[in-house]
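Coordinate analysis (summary)
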Amino acid sequence: KTKKKDGVADLANLVGYQKVKREVFSMLKSKLDPMPRHFILAGNKGTGKKNLANCLARILADWNKHKGRFETYSAAELDVLVRGHGQEVQNRLGEQHKGCIIANVDSAKDMEQFGRVLLTKAETTSVVITCSPEGRKKLASQQDRFGGGNWSSFMIADFSDDELYDMLRIELGNKKRAEEKILKEAAKQLGRLRGTPEYANYQDVRKLVRRASYNADANGRDNIVSEDLVDPDQERSRDVKDVVKELDEQIVGLEPVKLEVKQLIQMANLDAERKKQG
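These lines cover the structure that appears in this document, whether it is placed above or below. Just so we're clear, the structure is a prediction, and the values are computed from it rather than from any experiment. (Residues numbered from 1 in each chain as written. Predicted model: local features only at pLDDT ≥ 70, side-chain atom pairs only at ≥ 80, totals over all residues. Heavy atoms only, no water.)

Time to look at the packing of helix H2 (residues 18-29) against helix H3 (residues 49-63). Following both chains from N to C, one finds H2 and H3 inclined at 10°, their axes separated by 12 Å at the closest point. Between H2 and H3, the crossing angle belongs to the class labelled roughly parallel. Counted together, Val20, Val24, Met27 and Leu28 of H2 and Leu52, Leu56, Ile59, Leu60 and Trp63 of H3 form the full contact between these two elements. In terms of residue class, the contact of H2 with H3 is built from nine nonpolar, no polar and no charged. (Axes fitted to C-alpha atoms, helices over the stretch in contact; angles between N-to-C directions. Helix = DSSP H or I, 4+ residues; strand = E, 2+ residues; numbered from the N terminus. Parallel < 35°, antiparallel > 145°, perpendicular 65-115°, else oblique. Contact = heavy atoms within 4.5 Å. Nonpolar A, V, L, I, M, F, W, Y, C, P; charged D, E, K, R; others polar.)

Next comes the structure, spelled out in structure tokens:
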């Protein structure tokens with residue numbers, strides 16, 4: 001079984017990313033001569049950009065006839081190369097494994113610093129860049145100045161409830177058993193935070209599975225039940241925030257009453273914290 005097949009199989013088995021999969025499978029079916037292909041994967045935290053990039057890098061390295069070899073660089077590692085050693089090392093970027101380079105450059109600030117280096121390297125080597133939506137915009141502005149190339153750019157969306165359900169099922173694996181309705185309830189619970197800064201996609205899935213497994217073990221259960229999915233302190237805190245938000249948005253006037261309610265909540269939280277600390 002070749003690395004190329006492994007990369008393709010791993011990509012096919014990932015939950016979601018349908019647009020990326022269609023692009024890659026179309027590329028593999030084409031009869032064009034191999035040439036450097038490049039991908040930009042932009043998205044919020046926890047959307048699996050790095051995992052997806054690893055699959056793409058293996059496929060692209062084989063596509064470029066380099067037997068699955070690739071190198072991965074973080075922004076910090078690129079900083080060492082660019083700042084610490086200058087143009088000579090920049091030229092050697094990816095020299096040992098020319099099949100593909102992965103660059104995990106999240107912020108727009110880092111992209112402004114390293115985008116030109118990566119775009120220049122893309123003339124001879126396939127490049128996969130993972131970044132934030134802001135980083136993607138910064139790179140797009142640099143592409144206009146420093147180069148074109150055969151780039152495919154994708155905005156990786158937050159996972160839907162159905163995708164969260166699939167990931168919960170996979171993440172649980174043989175750890176614990178859970179009924180379908182329990183997992184759907186869990187996916188819906190995670191999805192409520194979609195679109196907020198707190199939403200962490202797959203990271204939330206892993207945290208929830210760990211918490212549910214711990215709660216089930218603590219109660220001597222082999223199966224996960226609804227109450228295992230709930231972190232009481234977290235849920236109580238979230239409910240209070242929702243009440244305050246509803247108070248502000250849906251009730252007109254009564255400002256003195258609103259202020260008093262908020263003060264009572266603040267006092268209750270302080271009292272709970274004091275009791276917790278003894």
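As a further point, take the packing of aromatic side chains. The description of an aromatic ring pair rests on the distance of the ring centres and on the angle between the ring planes. Following the criterion strictly, the structure yields two aromatic pairs and no others. Their ring planes at 70° and their centres at 6.1 Å tell us that Tyr17 and Phe159 sit as a pair that is edge-to-face. Of the two residues, Tyr17 is situated in the loop between helix H1 (3-13) and H2 and Phe159 in the loop between strand S5 (151-156) and helix H7 (161-172); the sequence distance between them amounts to 142 residues. Judged by relative accessible area, Phe159 falls into the buried class, the value being 3%. Centre to centre, the rings of Phe39 and Phe154 are 6.2 Å apart; their planes meet at 15°, and the pair counts as stacked. Here Phe154 lies in strand S5 and Phe39 lies in strand S1 (residues 38-43), a separation of 115 residues in the sequence. (Phe/Tyr/Trp six-rings, centres within 6.5 Å; stacked < 30°, edge-to-face > 60°. Buried < 20%, exposed > 50% of the residue type's maximum accessible area, 1.4 Å probe, protein only.)

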